[in-house]
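Architecture at a glance
One letter stands for each residue in the lines below.
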Amino acid sequence: MATTKKRELDLKDFPPGTVTEFTTLVCLACIFDIFTKQLGLAPRTAFSEIKRHTPTTEELTSRSATRPYFDTDDKHPHCPYCGSTKRWLARFDTYCIEGGKTTDAARRTLIKKLPKGDQFLVVEKKSDSRAVLFEWLDTLGVNLDLTEGSWLLDATRNYLSRREPKTNWGEIFEEIRAVRRSNRLTEGSERDGIRLFLAPDLYGEAILIQYLVSRSHTHGGLTLEGRLTLMDLIRRLRYIGYLDRIGITERDPGEVFEKLIDHLAATRDWSRTSPAGKDLSRGRAGTASGRGKKVSTGSGSDRVGRSKKSAKESSKSKTPALPEPDEIITEPVKLYYLIDRRDFLEKSKSVYASYA
Ligand SMILES: [Zn+2]
């Protein structure tokens, strides 16, 4: 689709991962059918109704589209409902921009530059940081091939890109074959050849993300620590001191889990750096090129000289030098959906012309 290439919006002023792109095709034959046969409108009236039509953001971003919308990666797509080919198919490109200090200026500039009229539509929606996190996890899950061993590394890379967007994780992960928990580092990460060592908090969040992505596909979730039930996961996170450091003192697994999600969703770093459009597309490539990579399950980690006892002690928060728990902000996040209607308008015009 060469014509759509040159019309892509310039998103270079947005920090990586703050814009997620969606493409949905709509079958004009089906739309005309709905308006003329089902609603009984004359073609002319149908056309003027259709021109005004814009799908809801759910229809544009949902992965299970219904007639007349559909998703496809096919180069020569056909409507799955009526079999119509290219000239009947129009595309909506939707850009979901996460509101916030890092994107507000770029968003205003971008919107100002767009052609006036009905070619673009901007829809604002309030979301909360939890919903943003789950949306991100959902997109991540769809883009990872969970049957490939390398997905654990891909998930870790995507998480780190969100957590520390200034680092070029794509480049680092080209060489990395194993991710381990470091006993020395208290923050950040350190590379040692093909191994990447993460400070316990980063490591804890990485396995939490892996658990969240894979738990719906299997019993428990698959992580760098192997397959874990929720209880196992909580035990690991307590053992590495993560629960203490973020101030989770509850014992009930359900409550701990809720607090973990709230924390993950709402910590400052998180809502500022955000999801994954661009980065996930790199992730897809990464998965393909990473075939055959062996992933360590952490059995040979650098965990030395740590007994189970020290885990118990640390869970009682005896250590005086604990850093401040991350501040939790449950601030609603604003999402801006920028809907490109140009292809839809042009195609429906030419389709109508062929009708008349
Ligand atoms: Zn159709």
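Details of the structure are given in the entry above.
Attention here is on the structure that accompanies the text. All values reported here derive from a predicted model rather than from experimental measurement.

Another aspect to go through is the overall build of the protein chain. In terms of helices and strands, the protein chain carries 16 helices and 10 strands. Taking all 356 residues of the protein chain together, the buried fraction comes to 47%. A separation threshold of at least 6 residues defines the contact pool for the protein chain, and within that pool the share at least 24 residues apart is 72%. By element, 51% of the accessible surface of the protein chain is carried by carbon and sulfur atoms, the whole surface being about 18,600 Å².

Moving on to the sheet that holds strand S6 (residues 189–192). Within the open sheet, the 3 strands sit side by side as S5-S7-S6. Their pairing is mixed. A strand with exactly one partner marks an edge of an open sheet, and here the two such strands are strand S5 (178–181) and S6. Looking at each pair of strands side by side, their axes are set apart by 25° on average, direction ignored. Here S5 runs beside strand S7 (residues 195–198); their pairing, made up of 4 bridges, is parallel. Residue Arg181 lies in a different strand from S7, and its bridge partner there is Leu198.

Turning to helix H9 (residues 200–214), a few remarks are in order. The end-to-end C-alpha separation of H9 is 21 Å, in line with the 21 Å expected for 15 residues at 1.5 Å each. Judged by how many residues are buried, H9 sits mostly within the fold: 14 of 15 residues are covered.

Let's shift gears to the coordination of the zinc ion. Bound to the zinc ion on the protein side are Cys27 (SG), Cys30 (SG), Cys79 (SG) and Cys82 (SG), at distances that span 2.2 to 2.3 Å. Around the zinc ion sit 4 donor atoms; with metal-centred angles ranging over 106 to 113°, the donor geometry is tetrahedral. For the zinc ion, the donor residues sit on a single chain with the sequence spacing C-x2-C-x48-C-x2-C. Residue Cys27 is located in strand S1 (residues 19–27), and its partner Cys79 is located in the loop between strand S2 (69–70) and strand S3 (89–98); the two are separated by 52 residues in the primary sequence. Classification of Cys27 as buried rests on a relative accessible area of 0%. Given the relative accessible area of 3%, Cys79 is considered buried.

What follows concerns the packing of helix H2 (residues 28–38) against helix H3 (residues 43–52). Two numbers describe how H2 lies on H3: the axes approach to 9 Å, and their chain directions differ by 125°. By the angle between their directions, the pair H2 and H3 is classed as oblique. Crossing geometry of H2 relative to H3 is assigned as right-handed. When H2 is examined against H3, the residues Ile31, Phe32, Phe35 and Thr36 are found in contact with a partner set consisting of Pro43, Ala46, Phe47, Glu49 and Ile50. Looking at the contact of H2 with H3 residue by residue, the classes come out as 7 nonpolar, 1 polar and 1 charged.

Within a regular strand, the side chains alternate between the two sheet faces. Across the 10 residues of S3, 10 count as buried, placing the element largely inside the fold. Residues Leu89, Arg91, Asp93, Tyr95 and Ile97 line one face of S3 and the alternating positions Ala90, Phe92, Thr94, Cys96 and Glu98 line the opposite face, and both faces are buried. In this structure, S1 lies alongside S3, joined through 9 bridges in antiparallel fashion. Its bridge partner lying in S3, Val26 is registered against Ala90. Bridge analysis of S3 against strand S10 (residues 332–340) gives 6 bridges, and the strand direction is antiparallel. Note on S10: the bridge partner recorded for Asp93 is Asp340.

Our focus in this paragraph is the pattern of salt bridges. Any two side chains of opposite charge can pair, given that their charged atoms come close. In this structure the tally under the stated criterion is 20 salt bridges. Between Glu58 and Lys125 there is a salt bridge, with the nearest N and O atoms lying 2.8 Å from each other. A residue pair is termed long-range when its members are at least 10 positions apart, and Glu58 in helix H4 (residues 57–61) and Lys125 in strand S4 (residues 120–128) qualify at 67 residues. Given the relative accessible area of 46%, Glu58 is considered partly exposed. Two residues, Lys334 and Glu124, come together in a salt bridge whose shortest N-O distance is 2.9 Å. Remark: Glu124 occurs in strand S4 and Lys334 occurs in strand S10; sequence separation between them is 210 residues.

Parameters and conventions
- Residues numbered from 1 in each chain as written.
- Predicted model: local features only at pLDDT ≥ 70, side-chain atom pairs only at ≥ 80, totals over all residues.
- Heavy atoms only, no water.
- Helix = DSSP H or I, 4+ residues; strand = E, 2+ residues; numbered from the N terminus.
- Buried < 20%, exposed > 50% of the residue type's maximum accessible area, 1.4 Å probe, protein only.
- Contact = heavy atoms within 4.5 Å.
- Areas by Shrake-Rupley, 256 points an atom, 1.4 Å probe, with all protein chains shown as cover.
- Pairing = 2+ DSSP bridges.
- Axes fitted to C-alpha atoms, helices over the stretch in contact; angles between N-to-C directions.
- Expected span 1.5 Å × (residues − 1).
- Donors = N, O, S within 2.8 Å, 3.2 Å for Na, K, Ca; no water.
- Tetrahedral: all angles 85-135°; square planar, octahedral: opposite > 155°, others 65-115°.
- Parallel < 35°, antiparallel > 145°, perpendicular 65-115°, else oblique.
- Left-handed = near helix turned anticlockwise from the far one by under 90°.
- Nonpolar A, V, L, I, M, F, W, Y, C, P; charged D, E, K, R; others polar.
- Salt bridge = Lys/Arg side-chain N within 4 Å of Asp/Glu carboxyl O.

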